[in-house]
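# Inside the fold
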Protein chains: 2
Amino acid sequence: MSTTTNDSTRNGVDTATLFATIDAVKAAPEAAKFQFRAHNEWVSGTHSRGTIHDFFGVGEERAHERSFTFDADHPAVLVGRDNGPTPVEFVLHALAACLTAGLANVAAARKVRLTSVKCTVAGDIDLNGILGLNPAVRNGYEQITVRFTVRGDASAETLRSIVEQSRARSAVYDIITAGVPVNVEVDAG
Amino acid sequence: MSTTTNDSTRNGVDTATLFATIDAVKAAPEAAKFQFRAHNEWVSGTHSRGTIHDFFGVGEERAHERSFTFDADHPAVLVGRDNGPTPVEFVLHALAACLTAGLANVAAARKVRLTSVKCTVAGDIDLNGILGLNPAVRNGYEQITVRFTVRGDASAETLRSIVEQSRARSAVYDIITAGVPVNVEVDAG
């Protein structure tokens, strides 16, 4: 990363483009309707392979510059072969990445230069739920804790307020804390 | 994959070990308390890098056989450099992988041999929410649709009931539909 930044690029964020994008959406709110997708194919046992490539946004079908492929599995202690992280770990990764991206954008908009952002996201889960052994135990995480370490050219109070604004505008934080209706359709022909 | 299966291994699932694990947890419910973790380090702009390695379970600290590393970013149309999927796409991948792993386990337990399982998970999101342009629009997905194509040596009705049981016991489905409390801590020293 460059040690000098002009007024438009800060923290690797092109704030001119960021603000232009916000203005464009203000003028045409329909442009902000996106559909993201993940495709998945079962391999064997708890091992599956996901592909992320195509999405819809700004009025048309689009695609990432390349396809991203991710294996998921269970570790041996959960009767898998450890070919990838567990699905519930990908959820934690998504939360960490969403809050971090937001933090960089918000800091850039507030003219704060970040030097380091790290976090660990930990989720506590009691597998008596998914194993069907205790109806009082839920299937998912009971709680999730995010621990950020943030450094930059602003006061601790300002840095904390940037994290707070990222949390308040995070898509993944909202998905995880507030819930989303999920419809499951099956072609079992 | 082998074309022959004995009574213990089906769909790549070692059902003897699966049932032994369930019996072990019945005898010692504390063994089922797990903590999963994702670590993340900001790279630049909306680009960050997540690492999944360590976790706690069955009474002790454990780790995957290797570290898994995943970049996340925004595509150019969302003012990023497309170094990885967006965080919200990882959420869809997690849901697909969780339902698919459960499907293989449930089918094995019910002595159904699967031949093919594919799905696409699609999430609709209106970015007027995270852009702060419309307070009536939420930050996260408005709805998620999972479309499974399942083939195996059982009736369509049986295959559908296996998907339904996987959904009813899915950790990620529960996380996404029912919500989880998330606590954010900040070291901004």
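For every chain, the first residue of its written sequence is number 1, and the numbers climb from 1 along that sequence. Whichever chain is written first becomes A and whichever ligand is written first becomes 1, with later ones labelled in order. Reporting of local features is limited, given that this is a predicted model, to residues whose pLDDT is at least 70; pairs of side-chain atoms are given and counted only at 80 or more, and all residues count toward the totals for whole chains, interfaces and linings. No hydrogens and no water enter the side-chain calculation; it runs on all heavy atoms of the structure.

### Description of the overall build of chain A
Threshold: Counting from the N terminus, the helices are the DSSP runs of H or I reaching at least four residues and the strands are the DSSP runs of E reaching at least two. Contacts are assigned to residue pairs that have any heavy atoms within 4.5 Å of one another. To be clear on the numbers: accessible area is Shrake-Rupley with a 1.4 Å probe, and residue cover counts the displayed protein chains and nothing else. Within this scheme the basic residues Lys and Arg register as positive and the acidic residues Asp and Glu register as negative, but His and the chain ends are omitted. To locate a charge, take atom NZ for lysine, CZ for arginine, CG for aspartate or CD for glutamate.
If you tally the helices and strands in chain A, you get four helices and eight strands. Taken from N to C terminus, the helices and strands of chain A fall in the order β-β-α-β-β-β-α-β-β-α-α-β. Dimensions of chain A along its principal axes, counting C-alpha atoms only, are 55 × 40 × 30 Å. The contacts in chain A between residues at least 6 apart in sequence include a share of 48% that link residues at least 24 apart. As displayed, chain A has an accessible area near 7700 Å², and 49% of this comes from carbon and sulfur atoms. Side-chain charges in chain A split into 18 positive and 22 negative, and the spacing between the mean points of these groups amounts to 9 Å.

### Some remarks on the interface of chain A and chain B
Rules: Using a 1.4 Å probe, buried area is obtained as the accessible area two parts lose upon being combined, added over both of them. The term salt bridge refers to a side-chain nitrogen of Lys or Arg lying within 4 Å of a carboxyl oxygen of Asp or Glu. Polar contacts, as counted here, are pairs of nitrogen or oxygen atoms within 3.5 Å of one another; within protein the pair requires one atom able to donate a hydrogen and one able to accept it, and residues that are adjacent in sequence qualify only if both atoms are side-chain atoms. Following the grouping adopted for this structure description, the nonpolar residues are Ala, Val, Leu, Ile, Met, Phe, Trp, Tyr, Cys and Pro, the charged ones are Asp, Glu, Lys and Arg, and the polar ones are all others, Gly among them. Note on pairing: DSSP must find at least two bridges between two strands before they are called paired.
With 126 residues of chain A at the contact, the number on the chain B side is 126 residues. When chain A packs against chain B, close to 11400 Å² is buried across both sides, 62% of that on carbon and sulfur atoms. Three residues, Phe36(A), Trp42(A) and His93(A), lead the burial of chain A against chain B; their summed loss comes to 7% of the area buried on that side. Here chain A is connected to chain B by eight salt bridges. Our count for the chain A to chain B interface comes out at 62 residue pairs in polar contact (both at pLDDT 80 or more). At 16 residues, helix H2 (residues 87-109) of chain A tops the list of elements feeding residues into the side of chain A that touches chain B. Residue composition of the side of chain A that touches chain B, grouped by class: 66 nonpolar, 36 polar and 24 charged. Bridge analysis of strand S8 (residues 182-187) of chain A against strand S7 (residues 143-152) of chain B gives six bridges, and the strand direction is parallel. Each bridged residue has a counterpart across the sheet, and for Asn183(A) the counterpart in S7(B) is Thr145(B).

### Concerning the relation of the copies chain A and chain B
Applied cut-off: Alignment of the copies relies on least squares applied to C-alpha atoms, considering only residues that score at least 70 for pLDDT in both.
Overlaying chain A on chain B yields an RMSD of 0.0 Å, the required transformation being a rotation through 180° with an accompanying axial translation of 0.0 Å. The operation mapping one copy onto its partner corresponds to a two-fold rotation axis. Among all C-alpha atoms of chain A, that of Gly179(A) lies closest to the rotation axis, at 2.3 Å. When you check the interface residues of chain A against chain B, 100% turn up at the interface there too, and the contact is symmetric in its surfaces.

### Description of the environment of Ala101(B)
Put simply, the rule is: Partly exposed describes any residue whose relative accessible area lies between the buried limit of under 20% and the exposed limit of over 50%, with all areas from a 1.4 Å probe on protein chains only and scaled to the type maximum.
Among the secondary structure elements, Ala101(B) is positioned in helix H2 (residues 87-109). Given the relative accessible area of 3%, Ala101(B) is considered buried. Residues Ala101(B) and Val77(B), spaced 24 residues apart in sequence, show a C-alpha to C-alpha distance of 33 Å. Excluding anything up to four places from it in sequence, Ala101(B) contacts Thr46(A) and His74(A).

### Brief notes about the sheet that holds strand S3 (residues 33-44) of chain A
The criterion, for reference: Each axis is a line fitted through C-alpha atoms, and for a helix only the stretch in contact is used; angles between axes span 0 to 180 degrees, taken between their N-to-C directions.
With respect to topology, six strands assemble into an open sheet ordered S5(A)-S4(A)-S3(A)-S6(B)-S7(B)-S8(A), the strand pairing being mixed. Of all the strands in the sheet, the pair left with one neighbour each is strand S5 (60-72) and S8 of chain A. Each strand axis lies, on average, 15° off the axis of its neighbour in the sheet, ignoring direction. Pairing geometry for S3(A) and strand S4 (residues 47-57) of chain A, over seven bridges, is antiparallel. Looking at the pairing, Gln35(A) lines up with Phe56(A) of S4(A).

### A word on the packing of aromatic side chains
To be explicit about the condition: Here is the rule: rings of Phe, Tyr and Trp (six-membered ring for Trp) pair when centre to centre is within 6.5 Å. Planes less than 30 degrees apart are stacked, more than 60 are edge-to-face, and the remainder are tilted.
The final tally for this structure, using the stated rule, is twelve aromatic pairs over all chains. Ring centres 5.0 Å apart and planes at 50° place the aromatic pair Phe70(A) and Phe90(B) in the tilted group. Remark: Phe90(B) occurs in helix H2 and Phe70(A) occurs in strand S5; the pair is interchain, linking two chains. On the basis of relative accessible area, Phe70(A) is assigned to the buried category, the value being 7%. What links up through ring pairs into an aromatic cluster is the set Phe70(A), Phe90(A), Phe70(B) and Phe90(B).

### A few points about the confidence of the model for chain A
Residues and elements named next belong to chain A. Basically, it comes down to this: Values of pLDDT, ranging from 0 to 100, describe the predictor's confidence in every residue of the model.
Across chain A, pLDDT averages 95, with 96% of residues at or above 70. Across residues 1-5, where pLDDT falls below 50, the model places five contacts with residues more than four positions away in sequence or in other chains. Scoring the predicted complex yields pTM 0.96 and, for the interface, ipTM 0.96.

### Some remarks on the sheet that holds strand S4 (residues 47-57) of chain B
Strands pair in a sheet through their backbones, by hydrogen bonds, and they do so in one of two ways: parallel or antiparallel. One open sheet holds the six strands; their spatial order is S5(B)-S4(B)-S3(B)-S6(A)-S7(A)-S8(B), and the pairing between them is mixed. With partners counted over all chains shown, the strands left at the sheet margins are strand S5 (60-72) and strand S8 (182-187) of chain B, one partner each. Averaged over all pairs of adjacent strands, the angle between strand axes in this sheet comes to 15°, irrespective of strand direction. Packed onto the sheet, helix H3 (residues 156-168) of chain A meets strand S6 (114-126) and strand S7 (143-152) of chain A together with S8 of chain B and runs at close to 135° relative to S7(A).

### A word on the pairing of strand S6 (residues 114-126) of chain B
Bridge count for S3(A) against S6(B) is nine bridges, and the pairing is antiparallel. Among the inter-strand pairings, Glu41(A) is bridged to a residue of S6(B), identified as Lys118(B). Bridge analysis of S6(B) against S7(B) gives ten bridges, and the strand direction is antiparallel. When the bridges of S7(B) are listed, Val121(B) appears paired with Val146(B).

### A closer look at the pattern of salt bridges
As enumerated under the stated definition, the model contains 18 salt bridges over all chains in all. Salt-bridge contacts for Arg147(A) lead to Glu185(B); the nearest nitrogen and oxygen are separated by 3.0 Å. Here Glu185(B) lies in strand S8 and Arg147(A) lies in strand S7, a pairing that spans two chains. Residues Asp54(B) and Arg37(B) are paired through a salt bridge, measuring 2.9 Å at the closest nitrogen-oxygen approach. With Asp54(B) in strand S4 and Arg37(B) in strand S3 (residues 33-44), the pair connects residues that are 17 residues apart, well separated along the chain. In terms of burial, Asp54(B) and Arg37(B) fall into one category: buried.

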